Structures are given as C-alpha cells and as structure tokens.
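Topology and contacts: notes
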Amino acid sequence: MPEYTMLIDGKSVKGSKSTGVINPATGKVFAQVPDCTRAELDQAMEAAQRAYPAWSRDIGARRKVLGEIAAALQQPPEGLARTLTQEQGKPLDKATGEIFGAAMWAQYTASLELPIEVIQNTDQARVEIRRKPLGVVAAITPWNYPMMLAMWKIAPALLAGNTVVIKPSPFTPISTLMLGEIVRDVVPPGVINVVSGGDELGAWMTSHPIPRKLSFTGSIETGKKVAAAAAPDLKRVTLELGGNDAAIVLNDVDLDTVAPKIFWGAFENSGQICSAIKRVYVPEKMYSPMLEKLGELAKGVKVGNGLDAGTQLGPINNKPQFERVTELVEDAKKHGAKIVTGGNRLGKEGYFFEPTIVGGISDGVRLVDEEQFGPALPVIPYKDVDDAVRRANATHYGLSGSVWSKNADQAAEVAAQLECGSAWVNQHLAIAPNLPFGGAKWSGIGVENGPWGLLGFTEIQVVNVSKV
Ligand code: NAD
C-alpha cells in the first residue's frame, strides 16, 4: 500500500503515526498517510516562523517561486491526477483539470502586485499606504477540491510574504501531500509545510500560538469553531463556508437551453461544490416540463468509478456525507416529495448515489433548507418573482445564486437582489482567479482570489512622513 510523507522544514517526514485513506469508489483503504502529532505540528509551525523574516523581504523572489510552482504543476508527476481521483472520487479528466486549475491560479497570483499607494505628497507630508504580510498562515481545506482550494490559499499567502502550514481534509490528504513533494525543492525550507491528520489537528492549528492568520474552507459548523479559536489571540481569519445556492428561472427561458446548464450547475462534482445550485425555483407554468427535462438529464448521466473511461459523475466522497445525502432524500420522501428520478444508492460497494431530481417539495423541508452537498436537487414552483427572491434569501446561507432569463438586463436586476457573494445571470459556478469569491451571512467572512483575496493576507500600514 503506498505511503506518503508530510513536508516539514523542507524535509519529507513520515511521521510517528499513520492513518488510512479510503477510496470512495470501493469503500476500502488504499493508502496510508501520516497522522501528524502535536510535536510534529510544533515543528512545522516553528519552521514556518523561522522561514518568515527572509521570505517576507523580497516580493521579486516570491513571484519567481510562485511561477516555478505553477510550472511544476503544469507538468504534474505521473499519478497525481489518478491519486486525486482515487481519494476524491471525481472522474480522471476532472482531476486533471483541477490540477491545471491549481497551476493557473498560481500563475495568475504570481502576476499580482502589492503597490505602495501614495495618498498625499505635498510640502507638508508624504503619506503612503503599504501592505505588510501577517506572519505564519494556518490553512485548512475540505475534501471536494483539495488541490484547487489549497492553491487558493498557498499562492496569495506566499506572494504577500507569509509562510504557510497547510492541512488538507482527512478524506483527501494525498494530493496535498504530493503537492508538498512537488514544491519541496522549489521553495526555501519552512515556507510551505504540509501536515496531515484529522479534525483534531485542525483544532490544534487554530489554537496554536504561532499563526497570525487562519484561512479556512469548510462547513459553517466548523467555521464557527475556527472563528471562536481565532478570538483569544485575535488571529486574522478568512472563512469560506457552505452555501445553499438558489437558481431562479424566469418565465421567458428556453428550457432546452437552460435545463442542461442548471443540471450541471447542480451536479458537477456530484453536487459537492460549495457554490453548486442546491435548489431551483421555477415558474408554476414551467414546473412540470422543467422537472421532466432535469429528470431525463439525470437518467442519462454515467455514474461510476472515476478511473473508468466515460464516467461523468463519481461517488460521494465519504461515508458520513453519503449518509447525510441519503438521510435528506429519505426525509423529503417522508414529507411527500416526488422523486422524479434516482433517490437511492447505486451498486453495493463504495458511496455511489443516483443523480436525484426531487419535485413536490417546498421550503420548510430539510432538502430545501439545508446544504445537501450531494447529487440530489429539489425543484420548487413559484408564483411571482418577488416571492422567489424572498424565499431564496430566507436563509442564513449567502454564498452565491443565479437568475435565468432571455432578458439578461432584467435578470441582472433580480440577481442583484440576492443576498449572496456572487450573483450570476444565465450561468452558475462562474468562478475565476481574478474575481473575488466569498460568502454573505453565514457563508463566510472575507473573500479569496483576485487582488481582494491577496489583500486578505496582509495588514494595512500607513507610513506618514512629515516634511515640516
Ligand atoms: P469540514 O468543516 O468538516 O472540514 C473542513 C476542514 O476542517 C477539514 O480539513 C477538517 O479536518 C477541518 N476541521 C474539522 N474540525 C475542525 C476544527 N474544530 N478546527 C479546525 N479545523 C477543523 O468541511 P468538509 O465536510 O470537509 O467540507 C464540506 C463543506 O465545505 C461544505 O459545507 C462546503 O460548502 C464547504 N466548502 C466551502 C467552500 C467555499 O469556498 N465557500 C469551498 C468548498 C467547500
């Protein structure tokens, strides 16, 4: 069984304890990874702290290193995409795409600037605004896009002059450990440290005295714990949390065009995307045809092991999540929902679930009100657009949302009424390295990506020089 190592102070570290990683397509352990101890975490944190002063001095050198990381990911080691598929479940072409996405993010971030802004330069004073790094960043990621989300943190943290200790999810640690191997000879020792372990390791990181910033992506429940852990030490914190995105379909759409886009906006990565469509509001007169079209699309999808050619959707990533999706669908059935297609587990081994379209359901049922984070989509009829917007907003979630219409201007006005970080028109999941991404309300604090995300890894400083 393959074994992987952590990266601590520029060295590959086997660690004194190990733990297994399950392939969700089989439900069986297929690899061993280190289970980082508190002492090993201390070593990683101390290495990051030692590396910080030199690293924070020269943005030119940092930019060059980021470029090298991007280049290394453009020629990824054989087996990285395959391993990502084995630990996460997604089809191999999607795993390959995620690795190239991480490379693109690193490349883009390397091009950003942190210019000194001169606010005043008169006979009286010269006033500058500078952006300074914070120190050591503790980065914690979830299991849906381990490589991509790791890079969303590592690249801007490093460019801004911070050093990093990163911990992937215990369900998908290997690709991030492999990333550690890839960067080991590219970054100076201690600048990036990769540790693997369970939820407890995350809690040790957020309460550790060394990090000055916590950059967290995961569930709202854990995000609140991270915020609480940050408080006593006033660590800076960015939280990218869960969503319950609504798609609102207006009554002028062409269903044949829109239904496939909505379907893939909901089911990409088997619905395991923070900003996937998680509920669809449809005008009453279009309700039945829309359900029918989405049902047909769901039936036509090839679900299977991500390593098999032609697979479009893989399994749910892990057992607790598989059980949660099952529970929400069963609860919907109990509340009288109509399962248009799917609704059950698929096969005997692994965590496969049929792509599921649910009608006859409304707000107040858990599948609509909560984040399912899996391949089951509730479709809800509405009478007037104001009511649909009100229902879309009647939640603590506020990550993203979309409005669909032939009249893009009108749709944009409706989209602007959504209480969320990204409001899309005639598209969903339009995420790009140069656009800020983050949640309103309980979906997060702060943003990632673009210059705005970069600034989140800095502290503002006013340098005010009197000339009199
Ligand atoms: P999770 O909160 O269970 O775990 C996320 C990470 O936090 C893991 O690495 C975990 O080990 C760690 N962790 C657990 N307890 C901790 C603690 N007490 N202190 C510190 N770290 C701890 O989330 P998950 O199940 O891995 O991911 C799914 C969730 O992530 C969904 O809600 C999804 O919407 C969200 N998500 C959000 C975004 C975004 O950008 N907004 C992106 C992807 C996923």
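Residues numbered from 1 in each chain as written. Predicted model: local features only at pLDDT ≥ 70, side-chain atom pairs only at ≥ 80, totals over all residues. Heavy atoms only, no water.

**A closer look at the site of the ligand**
Taken together, 29 residues sit near the ligand, with Asp-199, Ser-219, Thr-222, Leu-241 and Glu-371 positioned nearest. With the chains in place, 90% of the 850 Å² that the ligand exposes on its own is no longer accessible. If you list the elements that add at least two residues to the shell around the ligand, you get α7 (199–206), β10 (213–217) and α8 (220–230). Looking at the shell around the ligand residue by residue, the classes come out as 14 nonpolar, ten polar and five charged. Per-domain counts for the shell around the ligand show at least three residues from each of domain 1 (6–241 + 442–466) and domain 2 (245–432). (Near = heavy atom within 4 Å. Areas by Shrake-Rupley, 256 points an atom, 1.4 Å probe, with all protein chains shown as cover. Helix = DSSP H or I, 4+ residues; strand = E, 2+ residues; numbered from the N terminus. Nonpolar A, V, L, I, M, F, W, Y, C, P; charged D, E, K, R; others polar. Domains from an automatic or database assignment.)

**Section: the domain arrangement of the chain**
Taken as a whole, the chain is organised into domain 1 (6–241 + 442–466) and domain 2 (245–432). Listed per partner, the contact involves 28 residues of domain 1 and 29 residues of domain 2. For the interface between domain 1 and domain 2, the tally reads two salt bridges. A salt bridge links Glu-268 to Lys-94; its shortest N-O distance comes to 3.2 Å. Here domain 1 and domain 2 share ten residue pairs in polar contact (both at pLDDT 80 or more) between them. (Contact = heavy atoms within 4.5 Å. Salt bridge = Lys/Arg side-chain N within 4 Å of Asp/Glu carboxyl O. Polar contact = N/O pair within 3.5 Å; in protein donor to acceptor, adjacent residues only side chain to side chain.)

**Description of the side chain of His-208**
Tracing the chain through its elements places His-208 in the loop between α7 and β10. Here His-208 falls in the buried class, since its relative accessible area comes to 9%. Within the local environment of His-208, its side chain forms a polar contact with the backbone nitrogen of Ile-210, the two atoms lying 3.1 Å apart. Not counting residues within four places of it along the chain, the set of residues in contact with His-208 comprises Leu-41, Asp-42, Met-45 and Lys-235. (Buried < 20%, exposed > 50% of the residue type's maximum accessible area, 1.4 Å probe, protein only.)

**Some words on the nonpolar core**
Ile-69, Leu-73, Met-151 and Val-195 are the most contacted members of the largest nonpolar core, which totals 84 residues. Of the residues forming this core, the biggest block, twelve residues, is contributed by helix α5 (residues 146–160). Viewed by domain, this core spans two of them, domain 1 (6–241 + 442–466) and domain 2 (245–432), each represented by three or more residues. Residues Ala-246, Ala-392, Val-403 and Leu-418 belong to the second largest nonpolar core, which totals 30 residues. (Core = buried A, V, L, I, M, F, W, Y, C linked by side-chain atoms within 4.5 Å.)

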